[in-house]
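Results of the structural survey
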There are 2 protein chains.
Amino acid sequence: MQRTEIATLGEFGLIKHLTEGIKLQNESSKYGVGDDCAVLQYPADKQILVTSDLLMEGVHFDLTYVPLKHLGYKSAMVNISDIYAMNGMPKQMIVSIALSKRFSLEDMEDFYAGLRLACQEHGVDIVGGDTSSSLTGLTISITCIGEAEKDKVVYRNGAKETDLVCVTGDLGAAYMGLQLLESEKAIFESQLKEFKNPEAQLEQVQPDFAGKEYLLERQLKPEARRDIILKLREMNIVPTSMMDISDGLSSELLHICSQSQKGCRIYEERIPIDYQTAVQAEEFNMNLSTCALNGGEDYELLFTVPLSENDKIQAMEGVKVIGYITKKEMGCMLITRDGNEFELKAQGWNPLKD
Amino acid sequence: MQRTEIATLGEFGLIKHLTEGIKLQNESSKYGVGDDCAVLQYPADKQILVTSDLLMEGVHFDLTYVPLKHLGYKSAMVNISDIYAMNGMPKQMIVSIALSKRFSLEDMEDFYAGLRLACQEHGVDIVGGDTSSSLTGLTISITCIGEAEKDKVVYRNGAKETDLVCVTGDLGAAYMGLQLLESEKAIFESQLKEFKNPEAQLEQVQPDFAGKEYLLERQLKPEARRDIILKLREMNIVPTSMMDISDGLSSELLHICSQSQKGCRIYEERIPIDYQTAVQAEEFNMNLSTCALNGGEDYELLFTVPLSENDKIQAMEGVKVIGYITKKEMGCMLITRDGNEFELKAQGWNPLKD
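Just so you know, these numbers come straight off a predicted model, no measurement behind them.

The rules behind each value
Residues numbered from 1 in each chain as written. Chains lettered and ligands numbered in written order. Predicted model: local features only at pLDDT ≥ 70, side-chain atom pairs only at ≥ 80, totals over all residues. Heavy atoms only, no water. Helix = DSSP H or I, 4+ residues; strand = E, 2+ residues; numbered from the N terminus. Rg over C-alpha atoms; globule rule 2.2 N^0.38 Å. Buried < 20%, exposed > 50% of the residue type's maximum accessible area, 1.4 Å probe, protein only. Contact = heavy atoms within 4.5 Å. Expected span 1.5 Å × (residues − 1). Buried area = accessible area lost by both parts, 1.4 Å probe. Salt bridge = Lys/Arg side-chain N within 4 Å of Asp/Glu carboxyl O. Polar contact = N/O pair within 3.5 Å; in protein donor to acceptor, adjacent residues only side chain to side chain. Nonpolar A, V, L, I, M, F, W, Y, C, P; charged D, E, K, R; others polar. Pairing = 2+ DSSP bridges. pLDDT = per-residue confidence, 0-100. Core = buried A, V, L, I, M, F, W, Y, C linked by side-chain atoms within 4.5 Å. Least-squares fit on C-alpha atoms with pLDDT ≥ 70 in both. Axes fitted to C-alpha atoms, helices over the stretch in contact; angles between N-to-C directions. Parallel < 35°, antiparallel > 145°, perpendicular 65-115°, else oblique. Phe/Tyr/Trp six-rings, centres within 6.5 Å; stacked < 30°, edge-to-face > 60°. Lys NZ or Arg CZ within 6 Å of the ring centre and 35° of its normal.

1. What to know about the overall build of chain A
- A count of helical and extended segments in chain A gives 10 helices and 13 strands.
- For chain A, whose C-alpha radius of gyration is 22 Å, the value lies close to the compact-globule estimate of 20 Å for 354 residues.
- Along the longest, intermediate and shortest principal axes, the C-alpha atoms of chain A span 60 × 60 × 35 Å.
- Counting across all 354 residues of chain A, residues that qualify as buried make up 57%.
- For chain A, contacts bridging at least 24 residues in sequence account for 86% of all contacts bridging at least 6.

Right, here's the structure in full:
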């Protein structure tokens, strides 16, 4: 495989090369890469949504098993997902990367290919980019900008008593995919130690992921739920509260309840879980509901709607009602399959606690 | 000194603590920290400017001699400066930090104190924040959002033949401040090696910066030129091109010329340099003009105005005309004190070349 050192292009050359051929598609994108700032213009009846994420190698991603193209795709997607979570449409993105000498031009081309693919699929213009060096590893900073109708922005704090609690897709699969990759990495590393010449024996330790493709895809190539936002619009439903599930259902639901000053009751049996997730949890001897409640990175949507929207929501494909909102004093409760009640706890991924 | 581990608060606790008491001041800031996105709203006659910067410990800053409060101030300022460089006014900021266990809560309070001070001075609302962990060191990502009148945004590509080339303040001082700090750091480290018990002898190696305060201040606490933008507005001058001087005068001037498809002639004797900068260059036996041309981080403004604005510009305090724009074919030339001509070269700081 070819390897071109980044130093041969320099900072300005690199960013020019990576952003070559980018054409601005959105009316609101006035000027893109190449000046001190990107220039945007939005009509007065729109509100502007801005979100920013910082992704660190070794903390947020592991390049042992994450291909750079997937990393680019996912980095864009997690930011795009935040815009949908406010009931908005993503429009622009600014991307900064810092990288050590370990990375080649070809690596960055792969990363950008994934990034541009995600942006293309979601109608997002890349309007700014910046690269610099890092002493160790890869750091990615992405800012995504989107728009929403002035009175249609959905916050976390609007849940009302008796509202239905809804989730999209299924939960826990991205977390199970991560466990799978981590366990194969551990096997791979322990087997490598046994060989004198690791390179020659590499194929002997290639993992077999047959039948587990969905779990890997959920971890490596998450899809932000544009389809749900469009469907809600079409059916004239404005959720009372919404966020995307990046840290785990429990954690996000507690955010909505605490910011809305409400409680909730959700039912274990209603939490949507894919068949592969269940099989894998069994194989790893893990509690399935714990995975679905606390596993992060599914990038599904969690939202609440008034009880009066029940019929419309029941008819919506890909959305499941898992419980309802209560008075604050009732607490945030999980009702298990056998009818027991437990207080929900945020055991989601907390990168500062490790 | 007290040291509180960040793990005692967790990610959400930390960001809540750091952004406590922030009140949104700007009409365009609709919703700040605490949801998936910040929410903004700008009138239709404004264009929106967005800039983002990624700052890595060991590459962009050295905590050996940069106090965290200054780092917070400077991190905010370099982004604010990018907004002024487009002839805009900064309005909102989103701050993400990733930090290793080396940092305490008190460290982050210092960082945020500097950040909030810079924002306060420039009328900027902090509307988003995020913290996560890093394997090594401190990483800072800042996005700044500003506004400009629809037809008053100034790009790099608008310089016209015969336009005057102007710079604000003086150049090279921030670079000289950096040299001074680096040299004291080297002395400090070599002296520390001589002591058996370094802590006990620390005061013996405290550097003496008397008479060099200006250089240190330029490096550690740069000020974005809001005053110049306001003065240009007041005098009804709209520059034909503009950018801020972060990588050095030569490098920035070449950007303006190349993007405007023009050449330029600038005069060495006209480049504004402070007395302390000159003394220090002499002391370090460095070429003063090279420092002023290629030293970065002054965060002064470089802009071009039509020749017809000459009288107004000459009357403006803190602005100096250093040359003029020519046809592209004439090249980008520096005329030395003794009348020789040299082609300008970008020897500015290139973080990817090291």
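2. Observations regarding helix H3 (residues 105-121) of chain B
Residue and element names in this part refer to chain B.
- The terminal C-alpha atoms of H3 lie 24 Å apart, and with 17 residues this matches the ideal 24 Å at 1.5 Å per residue to within 8%.
- Among the residues of H3, those classed as buried are Leu105, Glu106, Asp107, Met108, Phe111, Tyr112, Gly114, Leu115, Ala118 and Cys119.
- On its buried side, H3 packs onto helix H1 (10-18), helix H2 (68-84), strand E4 (89-99), strand E5 (125-133) and strand E6 (138-149).
- Positioned one or two residues after H3, Gly123 has a phi angle of 65 degrees, which is positive.

3. Digging into the interface of chain A and chain B
- Taken residue by residue, the interface counts 68 residues in chain A and 68 residues in chain B.
- Both sides together, the interface formed by chain A and chain B hides about 5,500 Å², and carbon and sulfur atoms give 56% of it.
- Seen at the junction of chain A and chain B, the total is 4 salt bridges.
- Remark: the boundary between chain A and chain B carries 20 residue pairs in polar contact (both at pLDDT 80 or more).
- Take the side of chain A that touches chain B: its biggest share by element is 10 residues, from strand E3 (residues 46-56) of chain A.
- Of the residues assigned to the side of chain A that touches chain B, the class counts are 31 nonpolar, 21 polar and 16 charged.
- Both strand E2 (residues 38-40) of chain A and strand E3 (residues 46-56) of chain B contribute to a ladder of 3 bridges, which runs antiparallel. Considered in E3 of chain B, the bridge of Ala38 of chain A is made with Val50 of chain B.

4. A word on the confidence of the model for chain A
Residue and element names in this part refer to chain A.
- Mean pLDDT for chain A: 93, with 95% of residues reaching 70 or above.
- Of the regions scoring below 50 in pLDDT, residues 349-354 engages in 19 contacts with residues more than four places distant in sequence or in other chains.
- Our summary of model confidence lists the complex with pTM equal to 0.94 and ipTM equal to 0.93.

5. Details of the nonpolar core
All names here are of chain B.
- Counting residues in each nonpolar core, the largest one holds 70 residues, and the members touching the most others are Met93, Phe111, Leu115, Leu138, Ile140, Phe303 and Ile313.
- Residue contributions to this core peak at 8 residues, all from H2.
- Once residues lying within four places of it in the same chain are set aside, the contact partners of Leu138 are Leu55, Met56, Glu57, Phe61, Leu63, Leu68, Leu71, Ala98, Leu99, Phe103 and Met108.

6. Some remarks on the relation of the copies chain A and chain B
- Relative to chain B, chain A is turned by 180 degrees and slid 0.0 Å along the rotation axis, the superposed coordinates differing by an RMSD of 0.0 Å. In symmetry terms, the pair is related by a two-fold rotation axis. When C-alpha positions in chain A are compared against the rotation axis, the closest is assigned to Ala44 of chain A, at 2.4 Å.
- With an isologous cut-off of 70% or more, the 100% of interface residues of chain A that recur at the interface of chain B puts this contact in the isologous class.

7. Some remarks on the packing of helix H5 (residues 213-220) of chain B against helix H8 (residues 275-284) of chain B
Residues and elements named next belong to chain B.
- At a minimum axis distance of 8 Å, the contact between H5 and H8 shows a crossing angle of 100 degrees. Our classification of the angle between H5 and H8 gives roughly perpendicular. Where H5 approaches H8, its residues Glu213, Tyr214 and Leu215 are matched on the opposing element by Gln276, Thr277 and Gln280.
- Of the residues belonging to the contact of H5 with H8, the class tally is 2 nonpolar, 3 polar and 1 charged.

8. Some details on the side chain of Thr336 of chain A
Residue and element names in this part refer to chain A.
- Here Thr336 shows up in the loop between strand E12 (332-335) and strand E13 (341-343).
- Using a relative accessible area of 14% as the deciding quantity, one classes Thr336 as buried.
- Side chain to side chain, Thr336 and Asp338 meet in a polar contact 2.4 Å long.
- In this view, Thr336 contacts Glu268 and Phe342; residues no more than four positions away in its chain are not counted.

9. Some details on helix H3 (residues 105-121) of chain A
- Where H3 of chain A is concerned, the buried positions are Leu105, Glu106, Met108, Phe111, Tyr112, Gly114, Leu115, Ala118 and Cys119 of chain A.
- Buried positions along H3 of chain A lie against helix H1 (10-18), helix H2 (68-84), strand E4 (89-99), strand E5 (125-133) and strand E6 (138-149) of chain A.

10. Some words on the sheet that holds strand E11 (residues 319-326) of chain B
All names here are of chain B.
- Pairing is mixed across the open sheet formed by 7 strands, whose spatial order is E8-E10-E7-E11-E9-E12-E13. If you trace the sheet from one side to the other, it starts and ends with strand E8 (241-245) and strand E13 (341-343), each paired once. Shown here is a sheet whose adjacent strand axes are inclined to one another by a mean of 25 degrees, direction ignored.
- Across 4 bridges, strand E9 (residues 263-267) lies against E11 in antiparallel orientation. Bridge pairing in E11 links Cys264 to Ile325.

11. With respect to the sheet that holds strand E9 (residues 263-267) of chain A
All names here are of chain A.
- Spatially, the 7 strands line up as an open sheet ordered E8-E10-E7-E11-E9-E12-E13, and their pairing is mixed. Sheet topology places strand E8 (241-245) and E13 at the edges, where each strand pairs with a single neighbour. Strand-to-strand twist of the sheet, defined as the mean angle between neighbouring strand axes without regard to direction, takes the value 25 degrees.

12. Focus on the packing of aromatic side chains
- Within this structure, the stated rule accounts for 4 aromatic pairs over all chains.
- Between the aromatic rings of Phe111 of chain B and Tyr112 of chain B, the centroid separation amounts to 6.2 Å while the plane-to-plane angle is 65 degrees, which identifies the pairing as edge-to-face.
- The lysine or arginine in question, Arg270 of chain A, covers the ring of Tyr267 of chain A, its NZ or CZ lying 5.9 Å from the ring centre.

13. What to know about the pairing of strand E12 (residues 332-335) of chain B
All names here are of chain B.
- Alternating residues of E12 divide into Cys332 and Leu334 and Met333 and Ile335, and every residue in both groups is buried.
- The sheet contact formed by E9 and E12 spans 4 bridges and is parallel. Paired with Arg265 across the strands is Met333, a residue of E12.
- As judged from the 3 bridges shared by E12 and E13, these two strands associate in the antiparallel manner. Bridging from a neighbouring strand, Ile335 pairs with Glu341 of E13.

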